[in-house]
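Reading the structure
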Amino acid sequence: VKDIIGAINFSKKFNIKKMVLVGGKDSYKLTKMLRENNVAVMLNRLHDLPDLPEAETDLLYKLPYLLQKDSVIFCLQNQGDMEAMNARNIAFLAGTAAAYGLTKEQALQSITLNSAKILGIDKLVGSIESGKLASIVVSEGDILDMRTNKIILAYINGRQLNLNNFQNDLYKKYSNKLGIKE
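What comes next concerns the included structure. (Residues numbered from 1 in each chain as written. Predicted model: local features only at pLDDT ≥ 70, side-chain atom pairs only at ≥ 80, totals over all residues. Heavy atoms only, no water.)

1. Structural notes on the overall build of the chain
On a plain count of helices and strands, the chain comes out with 8 helices and 6 strands. What you see in the chain, going N to C, is helices and strands ordered as α-β-α-β-α-β-α-α-α-α-β-β-β-α. Taken along its principal axes, the extent of the C-alpha atoms in the chain is 65 × 45 × 30 Å. Within the chain, the fraction of its 182 residues that count as buried is 30%. Summed over its atoms, the accessible surface of the chain is roughly 11900 Å², and 55% of this surface lies on carbon and sulfur atoms. (Helix = DSSP H or I, 4+ residues; strand = E, 2+ residues; numbered from the N terminus. Buried < 20%, exposed > 50% of the residue type's maximum accessible area, 1.4 Å probe, protein only. Areas by Shrake-Rupley, 256 points an atom, 1.4 Å probe, with all protein chains shown as cover.)

Structure (structure tokens):
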């Protein structure tokens, strides 16, 4: 908490226009100050344990809701070990946030539009609107649920991605061999 207050005071003293707090495990304790100073928060992976032993074990899962209810702009991010490989799990982090208080729309926004706003590129990406770059994924199931999420289409900047790969080929091969119907 002291570090967050110090960072906000530093940004005021040096007239820093746009401050973003990265990590923010204690940000829920200072939501009024964050909102008043227009400080955005990039929450680290929610699938972690709190730093303090006396904290509730599901505190990190609740963080997005605690920030949302107090109107602090935030996004979910995947900083840490094996970021590139774990990028595929960002939707499931949003799914956890939805299970702990956010609506599904708010959870999806925490990995799309909110991220774009924090990065200052929301005029180009982050939502489906006329004039923006067309990047979208389509899932047969709930995109935020690891059990039912099945991506069937993906477009980046208006170009369709080929989703066939070696893993899909193996899945089909062994599903057929074992008589599993898709």
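2. Some words on helix α8 (residues 166-178)
The terminal C-alpha atoms of α8, which comprises 13 residues, lie 18 Å apart, in line with the 18 Å expected from a rise of 1.5 Å per residue. For α8, the N-terminal cap is Asn165; the gap from its side-chain oxygen to the backbone nitrogen of Gln167 is 2.9 Å. Downstream of α8 by one or two residues, Gly179 has phi in the positive range, about 75 degrees. (Expected span 1.5 Å × (residues − 1). Polar contact = N/O pair within 3.5 Å; in protein donor to acceptor, adjacent residues only side chain to side chain.)

3. Quick notes on the side chain of Gln77
Assignment of secondary structure puts Gln77 in the loop between β3 (74-76) and α4 (83-86). Contact partners of Gln77, with chain neighbours within four places excluded, come to Val22, Gly23, Met42, Leu43, Asn44, Arg45, Ile90 and Leu93. (Contact = heavy atoms within 4.5 Å.)

4. Examining the packing of aromatic side chains
By the definition in use, this model includes 2 aromatic pairs. With 4.7 Å between their ring centres and 45 degrees between their planes, Phe10 and Phe14 make a pair best called tilted. Given a relative accessible area of 47%, Phe10 falls into the partly exposed group. Of the residues examined, Phe14 reaches a relative accessible area of 48% and is grouped as partly exposed. With 5.0 Å between their ring centres and 55 degrees between their planes, Tyr61 and Tyr100 make a pair best called tilted. Here the residue Tyr61 occupies a position in helix α3 (residues 59-69), and Tyr100 occupies one in the loop between α5 (90-99) and α6 (104-109), the gap between them amounting to 39 residues. By relative accessible area, Tyr100 is classed as partly exposed at 31%. (Phe/Tyr/Trp six-rings, centres within 6.5 Å; stacked < 30°, edge-to-face > 60°.)

5. Overview of the sheet that holds strand β2 (residues 40-43)
The strands making up a sheet are joined through hydrogen bonds of the backbone, oriented either antiparallel or parallel. Taken together, the 3 strands give an open sheet; going across it, the order is β1-β2-β3, and neighbouring strands pair in parallel fashion. The two strands at the open ends of the sheet, each matched to only one other strand, are β1 (20-23) and β3. Averaged over all neighbouring strand pairs, the angle between strand axes comes to 15 degrees, with direction disregarded. Note that β2 and β3 share 3 bridges and pair parallel. Bridge pairing links Val41 to Phe74 in β3. (Pairing = 2+ DSSP bridges. Axes fitted to C-alpha atoms, helices over the stretch in contact; angles between N-to-C directions.)

6. Some details on a nonpolar patch on the surface
Taken together, the side chains of Leu119, Ile121, Leu124 and Leu133 present a nonpolar region at the surface, about 360 Å² in accessible area. Turning to its location among the elements, Ile121 is positioned in the loop between α7 (113-119) and β4 (136-139). (Patch = residues over 30% accessible without salt bridge, like charges linked within 9 Å, V, L, I, M, F, W, Y side chains within 5 Å. Salt bridge = Lys/Arg side-chain N within 4 Å of Asp/Glu carboxyl O.)

7. Focus on the pattern of salt bridges
Tallying each qualifying case throughout the model produces 10 salt bridges. As a salt-bridge pair, Lys25 and Asp48 come within 3.6 Å of each other at their nearest N and O atoms. One end of the pair, Lys25, is in the loop between β1 and α2 (31-36); the other, Asp48, is in the loop between β2 and α3, and 23 residues separate them in sequence. Owing to a relative accessible area of 23%, Lys25 belongs among the partly exposed residues under this scheme. Linked by salt bridges that have partners in common, Lys25, Asp48 and Asp51 make up one network.

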